[in-house]
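Structure at a glance
Each chain, written out:
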Amino acid sequence: MQDWYKNMSFYQIWIRSFADGNDDGIGDLLGVYDKLTYIKSLGVDGIWFSPLYPSPNADFGYDISDYKNIHPDYGTLSDFKRVLNRAHELGLKVIMDLVINHTSDEHPWFIESKKGGDDNPYKDYYIWRDGKGDKLPNNWESFFEGKAWEWCEERGQYYLHIFAKKQPDLNMDNPAVREEIKSIMRFWLDMGVDGFREDVINFISKVPGLPDGNPMLPVINGMPYFKDGPHIHEYLAEFRKVCEEYDCFQLGEGPMSDLKSVLLYTSGEHKSLDMMFNFDHMQADCFMTEYIQRPFSLRKLKRAFSKWQYGLYGKSWNALYIENHDHPRVVSRYGSEEFHRESATALAASYLFQQGTPFIYQGQEIGMTNIRLSSIDLYMDVSSKTNYSLYHLNDPEELRLARIHASSRDSARTPMQWDSSENAGFSRHKPWFYVNDNYTRINVASQEKDKNSILNFYRTCLNYRKRSRICRYGKYREFFADDPKIYTYEREYKGKSLLIICSFSDKEEVVRLPKKYRGRLGHVAICNYPDPEWGLLKPYEARVYETISNSERKNHEKN
Ligand code: TEU
Ligand code: CA
């Protein structure tokens, strides 16, 4: 397969909150169409659409009830084709979200499957089990809603759901199910889409017998039996074959994945994905999930970044991101709302010069921040609601809500802040979800006008990396890993290098230079302050130095 994706960066659209084209309060494809030139102007090369398909929205699109259609809230298939064609005209690739670990419980397959019956072709499309006496089939917990089993009166059996109750897991061991998946892939590839982001793809093969998990483990106790399961490589190879008929690429989402498993998926004999999203760097201020909070640790963030940069170099390829629709806004987490512009741009520089294909999530490019809603009833994300209702019940309300403020996925799902007009220019109708109050201050229109804005910093970095062979091929090296306030890394290729220094301090800091750069620093190619001062970093200052090696320099001077 082609590796065109190695020179690219992608913009992620979570359509419901992106842009409302018909003013009914819900983002849609008409809205996307109107913003395609904006997206292009960022310097990205493609779009990843979070699910656009019909869905009851128990998990906002990740519970699909029809894989070959568009949700009526967002438009029609012909609206989609219009967007796809225009995107292609602009030179933007388009990738779709492929959610195949589970469907909605309102998908016709599940409605049929519930009926049971020996000659029912849909009978084994899902994972059905009898209870064990008066107990559940096993002790697994779901990610989103308590136990992983739900009773179905109609069929008289339990079904497995690793996520919400309304997201029954498909039985991938059934060849008919895999044929359905391939047919879905072909449907979109034939239309012209350029690839897939494959949701929780490392969960689709379960260990036969579905053994009990360790009862001492919280929430994810079934993980050893559904992550990287026994037939995963077989199934992914089948899907890969379909993709190989087209010039497309596959990006897997791999919660809890480690280097070893990602290398298995993305290189060598089993290669069935081009790259994977991992979650390590999203845990620099929490333990396992954002709901269990810890103070932000830059060292932890750097460890996660470096682990993957060193670990995949020369063997595979990284998918780079610091935000998506599943995590609260990164400025509110790892940056500073006080040093808003500075920290948002430092965060950008901290990952955009790493090796891999960067993803930018809508609103990240203007530094959107977390929303703080006044009551749990105003939140919509199923996982936030569950966390609130199951844990810390005896804590004061204020504290319980503060945990939701810091962890809710809803913070990344507020309407995009386009300008300072009513509803942030997202819609002329009351939006389906709350707009962050700070939209008058943080919005696209005002940042368009400011050459030092976060938006323009993203443009600078994205355009720079596109032209840079060092960014594509260069070797990564981190310096001063123990430094709790500054992230310093290098990319080196054929005697030339970039040295990236990002301060995460809200005070001035002294620049620490790696030995090899002393006396041969080169010049500042990019900086988030207009006048970088020799030897001193301002709060959240980020610089990218371009340098050449001593031997190259000598050659240069001779000529
Ligand atoms: O996410 C998988 C996943 O592991 C996250 O849901 C994670 O558990 C959660 O964000 C807590 O931090 C994918 C999708 O990206 C997500 O939107 C879906 O809800 C989920 O799968 C189920 O389809
Ligand atoms: Ca609309």
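All figures in this text were calculated on a predicted structure; none of them were measured in a lab.

**Regarding the packing of aromatic side chains**
- One pass over the full model with this rule turns up 51 aromatic pairs.
- Summarising the aromatic geometry, the rings of Trp48 and Phe277 are spaced 5.5 Å apart at their centres and angled 35° between planes, so their arrangement reads as tilted. Here Phe277 lies in strand β9 (residues 275–277) and Trp48 lies in strand β2 (residues 46–49), a separation of 229 residues in the sequence.
- For Trp48, a relative accessible area of 1% translates into the label buried.
- Where Phe80 meets Trp188, the ring centres are 5.4 Å apart and the plane angle is 90°; that geometry is what we call edge-to-face. Placement of Phe80 in helix α3 (residues 77–89) and of Trp188 in helix α5 (residues 175–191) is noted, with a sequence separation of 108 residues between them. Of the two residues, Phe80 and Trp188, neither departs from the other in class, the shared state being buried.
- Aromatic rings pair up to connect Phe49, Tyr53, Tyr67, Phe80, Trp109, Tyr122, Tyr125, Phe187 and Trp188 into one cluster.
- The ring of Tyr529 carries Arg341 above its face, with NZ or CZ at 5.7 Å from the centroid.
- The ring of Tyr388 carries the charged tip of Arg400 above its face, separated from the ring centre by 3.9 Å.

**Brief notes about the packing of α5 against helix α7 (residues 232–244)**
- Where α5 contacts α7, the axes come no closer than 10 Å and their chain directions differ by 25°. In terms of axis orientation, α5 runs roughly parallel to α7. Here α5 runs over α7; the crossing is right-handed. Here α5 contributes Arg178, Ile181, Lys182, Met185, Arg186 and Leu189 to the contact with α7, which in turn contributes Tyr235, Glu238, Phe239, Val242 and Cys243.

**Quick look at the pattern of salt bridges**
- Under the criterion given, the structure shown has 43 salt bridges.
- Two residues, Asp169 and Lys206, come together in a salt bridge whose shortest N-O distance is 2.8 Å. One end of the pair, Asp169, is in the loop between β6 (157–160) and α5; the other, Lys206, is in the loop between β7 (195–198) and α6 (223–226), with 37 residues separating them in the sequence. For the pair Asp169 and Lys206, one class covers both residues: buried.

**Quick notes on the domain arrangement of the chain**
- What the domain assignment reports for the chain is domain 1 (4–99 + 187–206 + 226–369 + 412–460), domain 2 (371–407) and domain 3 (474–558).
- A C-alpha centroid distance of 42 Å is found between domain 2 and domain 3.

**Some remarks on a nonpolar patch on the surface**
- On the surface, Met256, Phe287, Met288 and Ile292 cluster together to form a nonpolar patch covering roughly 320 Å² of accessible area.
- Summarising the element assignment, Met288 is placed in the loop between β10 (286–287) and β11 (289–293).
- The class of Met288 is partly exposed, set by a relative accessible area of 34%.

**Structural notes on a positive patch on the surface**
- Taken together, Arg294, Arg299, Lys300 and Arg303 make up a surface patch of like positive charges.
- By the element assignment, Arg294 lies in the loop between β11 and α9 (298–312).
- Judged by relative accessible area, which is 44%, Arg294 ranks as partly exposed.

**Quick notes on the site of ligand 1**
- Around ligand 1 lies a shell of 17 residues, among which Asp59, His102, Asp199, His325 and Asp326 are the nearest.
- Contacts to ligand 1 include Glu253, whose side-chain N or O atom sits 3.0 Å from an oxygen atom.
- The contact in question runs from an oxygen atom of ligand 1 to an N or O atom on the side chain of His325, over 2.9 Å.
- Taken by itself ligand 1 offers 490 Å² of open surface, and the protein chains cover 92% of this.
- Grouping the constituent residues of the shell around ligand 1 by class yields six nonpolar, three polar and eight charged.

**Looking at unusual backbone geometry**
- With a phi close to 55°, His392 is a non-glycine residue in the positive phi region.
- Topologically, His392 is positioned in the loop between α12 (382–390) and α13 (397–407).
- Taking relative accessible area as the criterion, His392 reaches 35% and is therefore assigned partly exposed.
- Non-glycine residue Asn423 carries a positive phi angle of around 55°.
- In this structure, Asn423 sits in the loop between α13 and α14 (444–449).

**Digging into the sheet that holds strand β1 (residues 10–13)**
- If you walk across this open sheet you meet the eight strands as β9-β8-β7-β3-β2-β1-β13-β12, and the pairing is parallel. Both outer strands of the open sheet, β9 and β12 (319–320), are each paired with one neighbouring strand and no more.
- Taken together, the two bridges between β12 and strand β13 (residues 357–361) define a ladder with parallel strand orientation. Each bridged residue has a counterpart across the sheet, and for Ala319 the counterpart in β13 is Thr357.

**A short note on the packing of helix α11 (residues 340–352) against helix α15 (residues 454–467)**
- Running from N to C, α11 and α15 cross one another at 15°; their axes reach a closest spacing of 9 Å. Relative to α15, the element α11 lies roughly parallel. Crossing handedness for the pair α11 and α15: right-handed. Seen from α11, the contacting residues are His340, Arg341, Ala344, Thr345, Ala348, Ala349, Tyr351 and Leu352; seen from α15, they are Ile454, Phe457, Tyr458, Cys461, Leu462 and Arg465.
- For the contact of α11 with α15, a count of residues per class yields ten nonpolar, two polar and two charged.

**Some points on the sheet that holds strand β5 (residues 149–152)**
- Read across the sheet, three strands follow the order β4-β6-β5 without closing on themselves; strand pairing throughout is antiparallel. Only two strands of the sheet have a single partner each, and these edge strands are β4 (128–129) and β5.
- Here β4 pairs with β6 via two bridges, running antiparallel. Looking at the pairing, Arg129 lines up with Tyr158 of β6.

**Quick notes on the environment of Ile442**
- Looking at where Ile442 falls in the secondary structure, it is placed in the loop between α13 and α14.
- Take Ile442: its relative accessible area is 2%, and that puts it in the buried class.
- For the pair Ile442 and Ser468, spaced 26 residues apart in the sequence, the C-alpha separation amounts to 30 Å.
- Those residues within four positions of Ile442 in sequence are excluded, and the remaining contacts are His340, Ile366, Gly367, Met368, Thr369, Gln417 and Gln447.

Conventions we followed
- Residues numbered from 1 in each chain as written.
- Chains lettered and ligands numbered in written order.
- Predicted model: local features only at pLDDT ≥ 70, side-chain atom pairs only at ≥ 80, totals over all residues.
- Heavy atoms only, no water.
- Phe/Tyr/Trp six-rings, centres within 6.5 Å; stacked < 30°, edge-to-face > 60°.
- Helix = DSSP H or I, 4+ residues; strand = E, 2+ residues; numbered from the N terminus.
- Buried < 20%, exposed > 50% of the residue type's maximum accessible area, 1.4 Å probe, protein only.
- Lys NZ or Arg CZ within 6 Å of the ring centre and 35° of its normal.
- Axes fitted to C-alpha atoms, helices over the stretch in contact; angles between N-to-C directions.
- Parallel < 35°, antiparallel > 145°, perpendicular 65-115°, else oblique.
- Left-handed = near helix turned anticlockwise from the far one by under 90°.
- Contact = heavy atoms within 4.5 Å.
- Salt bridge = Lys/Arg side-chain N within 4 Å of Asp/Glu carboxyl O.
- Domains from an automatic or database assignment.
- Patch = residues over 30% accessible without salt bridge, like charges linked within 9 Å, V, L, I, M, F, W, Y side chains within 5 Å.
- Areas by Shrake-Rupley, 256 points an atom, 1.4 Å probe, with all protein chains shown as cover.
- Lys, Arg positive; Asp, Glu negative; His and termini not counted.
- Charge placed at Lys NZ, Arg CZ, Asp CG, Glu CD.
- Near = heavy atom within 4 Å.
- Polar contact = N/O pair within 3.5 Å; in protein donor to acceptor, adjacent residues only side chain to side chain.
- Nonpolar A, V, L, I, M, F, W, Y, C, P; charged D, E, K, R; others polar.
- Pairing = 2+ DSSP bridges.

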